[in-house]
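Chain and residue survey
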Amino acid sequence: MSDISIYEITVTQVIKNLDHLKRFIDKGKSFAESKKIEIDVLLNSRLAPDQYNFIRQIQLACDTAKLGAARLTGKQFQSHDDKEKTLSEITDRIDSVVGILKGLKPEDYKDASDIKISLPRWEGKSLTGKEYALHHMIPNFFFHIVTAYDILRHNGVELGKKDYLGDFPFKS
């Protein structure tokens, strides 16, 4: 795996999975329409009383992607206010983050592997950029993506493993 770059795992894969998230949302919308239930039921659903709802899972997946890119590249990006309440607002948030990520280039990550990253909750401890990407950013991002997926599945939306994995770049 030494030929996989931090850019590929934190930008290319994240964009791909944010696109999958939009497909989950589309299936959720179709499900709600076919069952004649308000979409707000799905948007505000959660798996457990102490877990965030669907909208917050999307906000956190987006924040993880955007803040991870900022920390790894040293760039600043516009913050989101976490005020999304509707389907179109959460879709716009995903599109906004995808736009930010698409504006990055592999060369923006040239020093990312070795930079030092520390977060306030880490109480003075730090990780290298590579460690941060592999041990914090990517697992945290996928935690929120899979939780959003699971919330929809739990509510009856027909999503399967192929929806989660998406298309593969097969070669002939």
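Scroll up a little and you will see the structure.
One structure accompanies this document, and this report is about it. Starting from 1, residues in each chain are numbered consecutively following that chain's sequence as written. Selection of residues for local features in this predicted model requires a pLDDT of at least 70, selection of side-chain atom pairs for listing and counting requires 80 or more, and totals for whole chains, interfaces and linings are taken over all residues. Side-chain numbers come from the whole structure's heavy atoms, not from hydrogens or water.

1. Digging into the overall build of the protein chain
- The secondary structure listing takes helices from DSSP runs of H or I that are at least 4 residues long and strands from runs of E that are at least 2 residues long, numbered from the N terminus. Along the backbone of the protein chain there are 6 helices and 2 strands.
- For the protein chain, the sequential pattern of α-helices and β-strands runs α-α-α-α-β-β-α-α.
- Along the longest, intermediate and shortest principal axes, the C-alpha atoms of the protein chain span 50 × 50 × 25 Å.
- Only protein chains enter the accessibility calculation, which uses a 1.4 Å probe. A residue is then buried if its area is under 20% of the maximum for its type, exposed if over 50%, and partly exposed in between. The burial tally for the protein chain puts 41% of its 172 residues in the buried class.
- In the protein chain, the share of contacts with a sequence separation of at least 24, taken over all contacts with a separation of at least 6, comes to 70%.
- Carbon and sulfur atoms make up 51% of the accessible area of the protein chain, which amounts to about 10100 Å² in all.
- Computing the positive centroid from 26 side-chain charges and the negative centroid from 25, the protein chain places the two 1 Å apart. Throughout, a contact is declared for two residues whenever any of their heavy atoms are within 4.5 Å. For accessible areas, the Shrake-Rupley method is used with a probe of radius 1.4 Å. Any residue's cover is judged against the shown protein chains and nothing else. We treat Lys and Arg as the positive residues and Asp and Glu as the negative residues; His and chain ends play no part in the count. Here the site of a charge means NZ on Lys, CZ on Arg, CG on Asp, or CD on Glu.

2. Let's talk about empty space enclosed by the protein
- Cavity: a set of points on a 1 Å grid over the protein atoms alone where a 1.4 Å probe fits but cannot get out. Pocket: an open set with protein on both sides within 12 Å along at least five of seven lines, its lining residues, like those of a cavity, having an atom within 4 Å of a point. Grid points are joined across faces, edges and corners, and a volume is the space filled by probe spheres set on the points. This structure, assessed with the given rule, holds 1 cavity of 30 Å³ or more.
- What lines the largest cavity is Ile-25, Gly-28, Lys-29, Ile-39, Leu-42, Leu-43, Phe-54, Leu-87 and Leu-152.
- Residues are grouped as follows: nonpolar covers Ala, Val, Leu, Ile, Met, Phe, Trp, Tyr, Cys and Pro; charged covers Asp, Glu, Lys and Arg; every other residue, Gly included, is treated as polar. For the lining of the largest cavity, the per-class residue count stands at 7 nonpolar, 1 polar and 1 charged.

3. Topic: the pattern of salt bridges
- Salt bridge, as applied in this entry: a Lys or Arg side-chain nitrogen positioned within 4 Å of an Asp or Glu carboxyl oxygen. Taken as a whole and judged by the stated rule, the model has 9 salt bridges.
- Note that Lys-22 and Asp-95 form a salt bridge whose closest N and O atoms lie 2.5 Å from each other. Taken together, the residues Lys-22 in helix α1 (residues 6-35) and Asp-95 in helix α4 (residues 87-102) connect sequence positions 73 residues apart.
- Exposure remark for Asp-95: the relative accessible area of 34% places this residue in the partly exposed category.
- We note a salt bridge from Asp-111 to Lys-110, for which the minimum N-O separation is 3.3 Å.
- Assessed through its relative accessible area of 66%, Lys-110 is described here as exposed.

4. What to know about the packing of aromatic side chains
- Working definition: a ring pair exists when centres of Phe, Tyr or Trp rings (six-membered ring for Trp) sit within 6.5 Å. Plane angles under 30 degrees give stacked, over 60 give edge-to-face, the rest tilted. Throughout the structure, instances matching the rule amount to 6 aromatic pairs.
- On the basis of an interplanar angle of 70° and a centroid distance of 5.7 Å, the ring pair of Tyr-7 and Tyr-109 is categorised as edge-to-face. With Tyr-7 in helix α1 and Tyr-109 in the loop between α4 and β1 (116-117), this residue pair connects regions lying 102 residues apart in the sequence. Like Tyr-109, Tyr-7 is buried.
- For the ring pair Phe-24 and Tyr-149, a centre distance of 5.3 Å and an interplane angle of 65° mean the geometry is edge-to-face. Residue Phe-24 is located in helix α1, and its partner Tyr-149 is located in helix α5 (residues 129-154); the two are separated by 125 residues in the primary sequence.
- Judged by its relative accessible area of 10%, Tyr-149 falls in the buried class.
- Linked through ring pairs, Phe-24, Tyr-149 and Tyr-164 together constitute an aromatic cluster.
- Either the NZ atom of lysine or the CZ atom of arginine qualifies as a charge over a ring when it sits within 6 Å of the ring centre and within 35 degrees of the ring normal. The ring of Tyr-52 has Arg-56 lying over it, and the distance from NZ or CZ to the ring centre is 5.5 Å.

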